[in-house]
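Examining the three-dimensional arrangement
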Amino acid sequence: GGLVGYNSSTNLYNSYNTGSVNASNGVVGGLVGYNNSSSINNSYNTGSVNASNGIVGGLVGYNNSSTINNSYSTGNISGSSEIGGLVGANQTSSTINNSYSTGNVSGSGEIGGLVGYNANYSTINNSYCTDSVSGSNKVGGLVGENFNYSTISNSYCTGSVSGSNQVGGLVGYNYDSSTITISN
């Protein structure tokens, strides 16, 4: 990550990165690579994040049993699979609240403007993205794949989306009892 490679059982506040982050593989994030049982609050990344292989996110590569609040990423993001403008993989009861991304996102599979892969009882609330998203499979304006009792609530995207299979303006692939709710 631009600030921390592995963040475990820790709370980050008012943190940021402005430089580009490049890696050949692994879990890569503009601010934190792997965020485990931790929270990130009021933080941001403005640098580009690129990895030829691995999980890549504009702010966090892999968010596991963790929370992200009031944070954003504006850099362009590219990689292979599980690529997101803010978070590559949001897993295991993780939550993203009031956050956004604006950089362009490109990759192969599970590509999302905000989150590439939202899974296993994880939640996205009151968040958005304005980036253009391109990939091959499971490509969504907001989330590439929403899986296994995961929830997206009051969130949206406005950028263009292009791909080959399972492509959606909001979510590329939504399945296994996962829900999308929009209310005012």
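Before reading on, note that the structure itself is shown above.
Just so you know, these numbers come straight off a predicted model, no measurement behind them.

What follows deals with the sheet that holds strand 19 (residues 105-106). Judged by pairing direction, the sheet is parallel, and its six strands sit side by side in the order 4-9-14-19-24-29 without closing on themselves. In the strand order of this sheet, the two ends are held by strand 4 (21-23) and strand 29 (161-162), each with one partner. Bridge analysis of strand 19 against strand 24 (residues 133-134) gives two bridges, and the strand direction is parallel. Within the sheet, the bridge partner assigned to Ser106 lies in strand 24 and is Ser134.

Another point: the packing of aromatic side chains. Inspection of the entire model under this criterion finds eleven aromatic pairs. On the basis of an interplanar angle of 40 degrees and a centroid distance of 4.8 Å, the ring pair of Phe147 and Tyr175 is categorised as tilted. One end of the pair, Phe147, is in strand 26 (residues 143-147); the other, Tyr175, is in strand 31 (residues 171-175), with 28 residues separating them in the sequence. Accessibility expressed as a relative area gives 16% for Phe147, which makes it buried. A network of ring pairs unites the aromatic residues Tyr16, Tyr44, Tyr72, Tyr100, Tyr128 and Tyr156 as a single cluster.

Before going further, it helps to spend a moment on the pairing of strand 6 (residues 32-36). When you tally the buried positions in strand 6, you get four out of five residues, the bulk of the element. In this structure, strand 1 (residues 4-8) lies alongside strand 6, joined through four bridges in parallel fashion. Bridging from a neighbouring strand, Val4 pairs with Val32 of strand 6. Looking at chain direction, strand 6 and strand 11 (residues 60-64) are connected through four bridges and run parallel. Each residue of the ladder has a partner; that of Asn35, found in strand 11, is Asn63.

Moving on: the side chain of Ser71. Within the element layout of this structure, Ser71 appears in the loop between strand 12 (67-69) and strand 13 (72-73). For Ser71, a relative accessible area of 1% puts it in the buried group. Within the local environment of Ser71, its side chain forms a polar contact with the backbone nitrogen of Asn42, the two atoms lying 3.5 Å apart. Within the local environment of Ser71, its side chain forms a polar contact with the backbone oxygen of Asn69, the two atoms lying 2.8 Å apart. Those residues in contact with Ser71, other than ones at most four positions away along the chain, are Ile40, Asn41, Asn42, Ser43, Leu59, Leu86, Asn98, Ser99 and Tyr100.

Take the pairing of strand 16 (residues 87-91) next. Within a regular strand, side chains alternate between the sheet's two faces. Burial analysis of strand 16 places five of its five residues in the buried class, which makes it a mostly covered element. When strand 11 meets strand 16, the two strands line up parallel, connected through four bridges. Bridged to Val60 within strand 16 is Val87.

Conventions adopted
- Residues numbered from 1 in each chain as written.
- Predicted model: local features only at pLDDT ≥ 70, side-chain atom pairs only at ≥ 80, totals over all residues.
- Heavy atoms only, no water.
- Pairing = 2+ DSSP bridges.
- Helix = DSSP H or I, 4+ residues; strand = E, 2+ residues; numbered from the N terminus.
- Phe/Tyr/Trp six-rings, centres within 6.5 Å; stacked < 30°, edge-to-face > 60°.
- Buried < 20%, exposed > 50% of the residue type's maximum accessible area, 1.4 Å probe, protein only.
- Polar contact = N/O pair within 3.5 Å; in protein donor to acceptor, adjacent residues only side chain to side chain.
- Contact = heavy atoms within 4.5 Å.

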